[in-house]
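# Working through the structure, step by step
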Amino acid sequence: MSSQINFKHLVNDENRMCKIVLAPFNGGQPHGGVDLGAEYMMKHGLKQQIEEILKWNTEVLDPLNGVNLEQLKAEADEQEKETKPKIKRADFVSMANKKIYETCKNDISKGEFQLTLGGDHSIAIGSIAGLLSRYPDAGIIWIDAHADINTVNTTESGNLHGCPVSFLANMDRKDWPKSFDWVPENLLATDKIAYIGLRDVDAGEKKILRDNNIKAFSMYHVDRYGINSVVEQAIAHVSKGNKDCPIMISYDVDAIDPEASVQCTGTKVDYGLNNREALFLCERICETGNVVALDVVEVNPSLGADETEILKTVAMGCSIVRCTLGETLL
Ligand SMILES: NC(=[NH2+])NCCC[C@H](N)C(=O)O
């Protein structure tokens, strides 16, 4: 079955291309293992599924290839034992994101789909900045249990996977470490993002969401209005009246309920999306024909209690990709 969807912004003939950007990076949070997420999804057959089931061509891009991530992380940690900075491994996170940004910006063309496989959610600084270099007016739908909008000043944990949206929106830029100077200015307007799935939002983040009037659908809204209405409202909000507005999904698998399928993730929170809600929103956003990019992040195979837990989480990551690229139930 090739996808029946007309991807309005992409090449739709037999040359249809999905560029798979590997982002095996774990420096934005404390756990090892989230760097294995991309590799496990690939081992699960993701590339073949995209090619054989959905009939896309694929090409793998590996921006962090040749970078000794383990060593750089160890060095950063060693140094920070003494300096104890408020945000952790800033220069390391910046370096990795700059590479991801440059690959997304320079090695993916406008008619090609951008699929980035994390890695922790800090990698969205690079992937989204890269996407916005091609589609400056794209809307971002951020699927997550967390808002990831702490600034360098509000973060309580110091983990940069809790901060990518504030970097994309240039919040508190004057207080950023110098290494983040490469992040373009005027990148993401706060009215071009909508969240779905939130249920663990820090006090400082709640204030930022309110003060900036950012569209956020928590699990309360999913329960109250149902996933269909929530997705429709999110699409409408980020599209700003443009029925052809390009849309990117940044999908943290911790949006999904741990009991339903996603146990293997670093910051899991109960009472999340069920499996159908999790995939429906990808199917629906795909159906608009406007989707141009997807991140799948925070798959951490090393946090599984057994093989079944790992398989369920990894398989869900792959399903998210297929549903976004046009897989349908019928
Ligand atoms: N991408 C994630 N899993 N983010 C979790 C962030 C948790 C918390 N709000 C923090 O800033 O540390």
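Higher on the page you've got the structure.
How each quantity is defined
- Residues numbered from 1 in each chain as written.
- Predicted model: local features only at pLDDT ≥ 70, side-chain atom pairs only at ≥ 80, totals over all residues.
- Heavy atoms only, no water.
- Helix = DSSP H or I, 4+ residues; strand = E, 2+ residues; numbered from the N terminus.
- Rg over C-alpha atoms; globule rule 2.2 N^0.38 Å.
- Buried < 20%, exposed > 50% of the residue type's maximum accessible area, 1.4 Å probe, protein only.
- Contact = heavy atoms within 4.5 Å.
- Areas by Shrake-Rupley, 256 points an atom, 1.4 Å probe, with all protein chains shown as cover.
- Near = heavy atom within 4 Å.
- Polar contact = N/O pair within 3.5 Å; in protein donor to acceptor, adjacent residues only side chain to side chain.
- Pairing = 2+ DSSP bridges.
- Salt bridge = Lys/Arg side-chain N within 4 Å of Asp/Glu carboxyl O.

With that settled, the discussion passes to the overall build of the protein. The secondary structure content of the protein amounts to eleven helices and eight strands. Expected size for 330 residues packed as a compact globule is a radius of gyration near 20 Å; at 18 Å, the protein falls within 12% of this value. Considering only C-alpha atoms, the protein reaches an extent of 55 × 40 × 40 Å along its principal axes. With 330 residues in all, the protein has 59% of them scored as buried. Within the protein, counting contacts between residues at least 6 apart in sequence, those at least 24 apart form 76% of the total. With an accessible surface of roughly 13,200 Å², the protein has 48% of that area assigned to carbon and sulfur atoms.

Right, let's get into the site of the ligand. Not every one of the 13 residues close to the ligand is listed here, only the nearest: D148, N150, S157, D202 and T267. A distance of 3.2 Å separates a nitrogen atom of the ligand from a polar atom in the backbone of H161. A distance of 3.2 Å separates a nitrogen atom of the ligand from a polar atom in the side chain of D252. Considering the ligand on its own, with 340 Å² of exposed area, one finds that the protein chains cover 93% of that surface.

Along strand β5 (residues 193-198), six of the six residues are buried, which leaves the element largely enclosed by surrounding structure. Two elements, strand β4 (residues 139-143) and β5, share four bridges in a ladder whose sense is parallel. Paired with I140 across the bridge in β5 is I193. Examined bridge by bridge, β5 and strand β6 (residues 215-218) share four bridges and lie parallel to one another. Bridged to Y195 within β6 is A216.

For the rest of this paragraph, the subject is the pattern of salt bridges. A complete count under the given rule lists 15 salt bridges for this structure. The closest approach of N and O atoms between E112 and K19, which form a salt bridge, is 2.9 Å. Pair noted here: E112 is in the loop between α4 (90-106) and β3 (113-118) and K19 is in strand β1 (residues 17-23), with a separation of 93 residues, a long-range link. On the basis of relative accessible area, E112 is assigned to the buried category, the value being 15%. Ionic pairing is found between E327 and R322, a salt bridge with its closest N-O pair at 3.1 Å. Summarising the burial analysis for this pair, E327 and R322 share the class buried. Three or more residues joined by partner-sharing salt bridges are found here, namely K8, K243 and D244.

Moving on: the pairing of β4. Here β4 lies mainly inside the structure; five of its five residues are buried. Both faces of β4 are covered, namely the face carrying G139, I141 and I143 and the face carrying I140 and W142.

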